[in-house]
Amino acid sequence: MSSVVEPAPVDFQRQKEVAAALRAFMPKAAVLFDREDVQPYECDGLSAYRQVPMVVALPENEDQVRQILEVCHALRVPVIARGAGTGLSGGALPLGNGVLLSLAKLMRILEIDPAARTARVQPGVRNLAISEAVAPLGLYYAPDPSSQIACSIGGNVAENSGGVHCLKYGLTVHNILKLRAITIEGEIMEIGGDGLDSAGFDLLALLTGSEGMLAVVTEVTVKLLPRPECAQVVMAAFDDVEKAGAAVANIIGAGIIPAGLEMMDQAATLAVEHFVHAGYPTDVASILLCESDGTAEEVDDEIRRVESIMEASGAILIRVSTSDAERLRFWAGRKAAFPAVGRISPDYYCMDGTIPRRRLAEVLRKIADLEVKYGLRCANVFHAGDGNLHPLILYDANKPGELERTEAFGGEILEFSIRVGGTITGEHGVGIEKVNHMCVQFRPAELAAFHGVKRAFDEHGLLNPGKAVPTLQRCAEFGRAHIHVGREKFPDLPRF
Ligand SMILES: Cc1cc2nc3c(=O)[nH]c(=O)nc-3n(C[C@H](O)[C@H](O)[C@H](O)COP(=O)(O)OP(=O)(O)OC[C@H]3O[C@@H](n4cnc5c(N)ncnc54)[C@H](O)[C@@H]3O)c2cc1C
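Keep in mind it's a predicted model, so treat the numbers as computed, not measured. (Residues numbered from 1 in each chain as written. Predicted model: local features only at pLDDT ≥ 70, side-chain atom pairs only at ≥ 80, totals over all residues. Heavy atoms only, no water.)

(A) Just the site of the ligand, in detail. Of all residues adjacent to the ligand, which total 33 residues, the nearest are Ala81, Thr86, Ser147, Ser152 and Ser161. A distance of 2.8 Å separates an oxygen atom of the ligand from a polar backbone atom of glycine 85. Here glycine 91 contributes a backbone N or O atom positioned 3.2 Å from an oxygen atom of the ligand. Here the ligand, which alone exposes 970 Å², has 95% of that area covered by the protein. Per-element tally for the shell around the ligand: the top contributor is helix H5 (residues 153–159), with 5 residues. Its residues placed into classes, the shell around the ligand shows 13 nonpolar, 16 polar and 4 charged. (Near = heavy atom within 4 Å. Polar contact = N/O pair within 3.5 Å; in protein donor to acceptor, adjacent residues only side chain to side chain. Areas by Shrake-Rupley, 256 points an atom, 1.4 Å probe, with all protein chains shown as cover. Helix = DSSP H or I, 4+ residues; strand = E, 2+ residues; numbered from the N terminus. Nonpolar A, V, L, I, M, F, W, Y, C, P; charged D, E, K, R; others polar.)

Written out as structure tokens, the structure is:
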């Protein structure tokens, strides 16, 4: 990915035509095209890439969304859906010749059904707002991205987002029942059902994680869970990341599925502790946070087992939260890892790959080598339980060449993740950030199948074009052979 998106010259004639067509059914103030009005939408959480949209549309209801899509289809204008814009892979990056369709005003919780333990919500509802709304009923919505205070449920569906508690409770796709979504032609689809299975192809799973490329989500029915009776966190410190990695494997190997199992290296721990004062030791190589939840007896039993595994794996310090306030403080540190790193570097680039848990130490060593190779620091946080890495590469965009070096560094991490049997995404999606590395992960036949699905929904390629699925031509230009499987199966694959 080149670091700067080429600014497309504004086609004022086209801009006027599209804005006028939208203003035929929307208030003037809900269709923006003046430079200063559309500039705030120029990027998402991946701020290294920016592009000002031609027009921004701010619908207030589903029917307006439907009409916007109909107009864009008729005029052949690309449409980029946007939730809260917290995405880290450039999924909501606008196009200079496209409409940025913000779902931010569709933010009502439409129905809460405590008996069925479901809530029906509009796509702009914030993730955390769902749990806050159902808290008086003793319920919550389990997937908890660290951005949950801001990110929208529509964005969560489009990215199939995860979070600290997804190890035990699953990703977004495991926690939703139904979707209402609108095709680029303006057709409303209702998919999913109240049961665990429904007739026909599994479009719910297909749309979840489709990064705004197949349809625009206008309603989500989420599953709610009863709040666990109690929860406790074990915080363990290690003088060697390899031992911390082994502790993770030993916990899972013992048949324990903790509610959360997170790891931070020393660079991340230091940044977080100075920012949040979560109570982490800072003179250690790595810390693990392991949460148990359930009944008091279950938690007591699991915490004891986790403690003894941590000890046997070489932990040099173990602390168990003694109150809910302390438990939340331990998590507050982990959840603030990205902003904490933002305080110690002008810019940071958050990578997102998934690897087999047992390869953690090897991948960390590789990242340390790459820090030397590229002359850049990297702080590492992991959803360790599910092998999801978030290396945060620290750089300064104002220094010539640093972003390009950062991108090359990140690219090598992704390729190494594939080589050890992992994937290029864990939960942040592909967007524009990792579109080239799709060529490394997938065979041409597999990419062709993705394009077939895209065409079935969006014949003219108008929904979020250029994201997530590379053209075969782009792959040829990128020039990397696909790897697809780890070294286990092909031991002769060259080591990086
Ligand atoms: C500090 C920080 C921490 C984060 N932590 C996590 C984490 O722990 N786990 C995690 O998974 N992610 C995390 N993220 C990434 C991000 O928050 C998630 O990807 C989130 O789901 C994006 O939601 P959003 O509303 O901001 O979507 P946006 O960024 O606005 O959009 C994301 C994608 O979804 C599409 N989209 C948005 N709304 C719709 C819709 N209604 N219909 C169709 N497509 C739509 C967009 O086109 C785009 O492709 C983090 C981000 C930040 C900044």
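This is not the end of the story, as more comes after the structure.
(B) Examining the packing of helix H1 (residues 12–23) against helix H3 (residues 62–75) more closely. It is the contact of H1 with H3, at a shortest axis distance of 10 Å, that shows an interaxial angle of 145 degrees. In this structure, H1 meets H3 at a crossing whose hand is right-handed. The segment H1 lies against H3, with Arg14, Glu17, Val18, Ala21 and Leu22 engaging Ile68, Val71 and Leu75. Along the lines of polarity and charge, the residues of the contact of H1 with H3 split into 6 nonpolar, no polar and 2 charged. (Axes fitted to C-alpha atoms, helices over the stretch in contact; angles between N-to-C directions. Left-handed = near helix turned anticlockwise from the far one by under 90°. Contact = heavy atoms within 4.5 Å.)

(C) Seen up close, the packing of helix H9 (residues 266–276) against helix H12 (residues 337–344). Where H9 contacts H12, the axes come no closer than 8 Å and their chain directions differ by 95 degrees. By the angle between their axes, H9 is roughly perpendicular relative to H12. Taking contact as the criterion, the partners of Ala271, Val272, His274 and Phe275 in H9 are, on H12, Ala337, Pro339, Ala340, Val341, Arg343 and Ile344. Split into classes, the residues belonging to the contact of H9 with H12 amount to 8 nonpolar, 1 polar and 1 charged. (Parallel < 35°, antiparallel > 145°, perpendicular 65-115°, else oblique.)

(D) Highlighting the packing of aromatic side chains. This structure, assessed with the given rule, holds 4 aromatic pairs. Both rings, one in tyrosine 140 and one in tyrosine 169, keep their centres 6.5 Å apart while their planes meet at 85 degrees; by these two values the pair is edge-to-face. Pair noted here: tyrosine 140 is in strand S7 (residues 139–140) and tyrosine 169 is in helix H6 (residues 166–169), with a separation of 29 residues, a long-range link. On the basis of an interplanar angle of 15 degrees and a centroid distance of 5.5 Å, the ring pair of tyrosine 374 and phenylalanine 409 is categorised as stacked. Here tyrosine 374 is found in helix H13 (residues 360–374), whereas its partner phenylalanine 409 is found in helix H14 (residues 402–419), with 35 residues between them in sequence. By relative accessible area, which is 0% here, phenylalanine 409 ends up buried. (Phe/Tyr/Trp six-rings, centres within 6.5 Å; stacked < 30°, edge-to-face > 60°. Buried < 20%, exposed > 50% of the residue type's maximum accessible area, 1.4 Å probe, protein only.)

(E) Local environment of unusual backbone geometry. Non-glycine residue histidine 277 carries a positive phi angle of around 55 degrees. Along the chain, the position of histidine 277 falls in the loop between H9 and strand S14 (286–294). If you check the backbone angles, alanine 468 has positive phi at about 65 degrees while not being a glycine. Of note, alanine 468 is situated in the loop between helix H16 (444–457) and helix H17 (472–478).

(F) Geometry of a nonpolar patch on the surface. On the surface, Ile109, Ile112 and Leu137 cluster together into a nonpolar patch covering about 210 Å² of accessible area. Mapped onto the elements of the fold, leucine 137 is located in the loop between helix H4 (127–134) and S7. (Patch = residues over 30% accessible without salt bridge, like charges linked within 9 Å, V, L, I, M, F, W, Y side chains within 5 Å. Salt bridge = Lys/Arg side-chain N within 4 Å of Asp/Glu carboxyl O.)

(G) Focus on the environment of alanine 104. You can see alanine 104 is positioned in the loop between strand S4 (99–102) and strand S5 (109–113). It is 4.7 Å that separates the C-alpha atoms of alanine 104 and glycine 124, two residues lying 20 residues apart in sequence. Sequence-distant contacts of alanine 104, that is, excluding residues within four places in its chain, are made with Arg82 and Gly83.

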